[in-house]
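If you want the building blocks of each chain, they are given just below.
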Amino acid sequence: MSALQPIRINANPDIRQEQISDTDFCVIVDDFLRDPQALIDYAAENPDKFREPGIAYPGLMMDLDPGLLREFTRFVLTPMRHQFSFLRGSASLATGLSMITLQPGELSAYQRLCHTDPRDTLGRRKFASLVYLFENEDLGGTAFYRWKQPEVVVHGMTLAYQEAGSADKFLAEHSEVFRQSPCFMTDSNDLAELLHVVMPRFNRFVFYSGEIPHSACIKHPELITDDFRQGRLTLNSFISVYPR
């Protein structure tokens, strides 16, 4: 079993914007990592290093050593801060590997909805990035939404965090989607409007504001697997910064 080497990105990446709405966009870079296969191999060889994060993510996650991510971090904190106008100083990143493994019937109320990434402290902003590490594009990309009933969602998610399962009754009373069979969110419903879907592509990097409601767009849950070489494996990073 070989150790993971420092993660390198391709020189002179082609950075482009993709519109989410009239006012929001994400950044996409294709062929982002020099050796994406190394991350896939590392995940497959170290399944014991993954953990179940509870109601927030419908699968497994593994933290990565920040010392292996210096080149990745420089890219996030330099080109991306010019794209999204944030300050590099006092920025914090948490980066790791993630893979969706739950079937629709196993999802919590939180996992059946799109979500936003909460701010760490007042005045800071939250951004996120991912790199798709799977070849099968039917495993799904990333969908972005606009809330229709934010007060219902906020209260429902508060209940979900207080006690597992406590949000189900409230959400079923206030939302048609929670009176139906559990499923991944892939389209508009009575709680949120679908704005845009970023299509997956192997080794594609996507950077976006975590304050835009978003979720994995899984239309074929029958393809979900715990095989790291075949499943929906991604490199994820969460970035907390001050706006410029």
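Cut-offs and rules
Residues numbered from 1 in each chain as written. Predicted model: local features only at pLDDT ≥ 70, side-chain atom pairs only at ≥ 80, totals over all residues. Heavy atoms only, no water. Helix = DSSP H or I, 4+ residues; strand = E, 2+ residues; numbered from the N terminus. Rg over C-alpha atoms; globule rule 2.2 N^0.38 Å. Buried < 20%, exposed > 50% of the residue type's maximum accessible area, 1.4 Å probe, protein only. Areas by Shrake-Rupley, 256 points an atom, 1.4 Å probe, with all protein chains shown as cover. Lys, Arg positive; Asp, Glu negative; His and termini not counted. Charge placed at Lys NZ, Arg CZ, Asp CG, Glu CD. Phe/Tyr/Trp six-rings, centres within 6.5 Å; stacked < 30°, edge-to-face > 60°. Salt bridge = Lys/Arg side-chain N within 4 Å of Asp/Glu carboxyl O.

Some words on the overall build of the protein
Here's step 1: Secondary structure summary: the protein contains five helices and ten strands in total.
Here's step 2: Taken over the C-alpha trace, the protein has a radius of gyration of 18 Å; the compact-globule value for 244 residues is 18 Å, and the two agree within 12%.
Here's step 3: Dimensions of the protein, computed from C-alpha atoms along their principal axes, come out at roughly 50 × 40 × 30 Å.
Here's step 4: With 244 residues in all, the protein has 48% of them scored as buried.
Here's step 5: In the form shown here, the protein has an accessible surface area of approximately 11,700 Å², with 48% of it arising from carbon and sulfur atoms.
Here's step 6: With 24 positive and 32 negative side-chain charges, the protein shows a spacing of 8 Å between the two charge centroids.

Quick notes on the packing of aromatic side chains
Here's step 1: All chains considered together, the criterion is met by 15 aromatic pairs.
Here's step 2: In this structure an aromatic cluster arises from ring pairing among F25, F32, F72, F75, F84, F86, F127, F205 and F207.

Focus: the pattern of salt bridges
Here's step 1: For the structure shown, the criterion picks out ten salt bridges.
Here's step 2: A salt bridge links R119 to E211, with the shortest nitrogen-to-oxygen separation between them at 3.2 Å. Of this pair, R119 sits in the loop between β4 (92-100) and β5 (125-132) while E211 sits in the loop between β8 (205-209) and β9 (214-216); the two residues are 92 residues apart in sequence, bridging distant segments of the chain.
Here's step 3: Exposure remark for E211: the relative accessible area of 25% places this residue in the partly exposed category.
Here's step 4: Counted as one network, the salt bridges with shared partners bring together D30, R201 and R204.

Everything listed is a geometric property; what it means functionally is a separate question.
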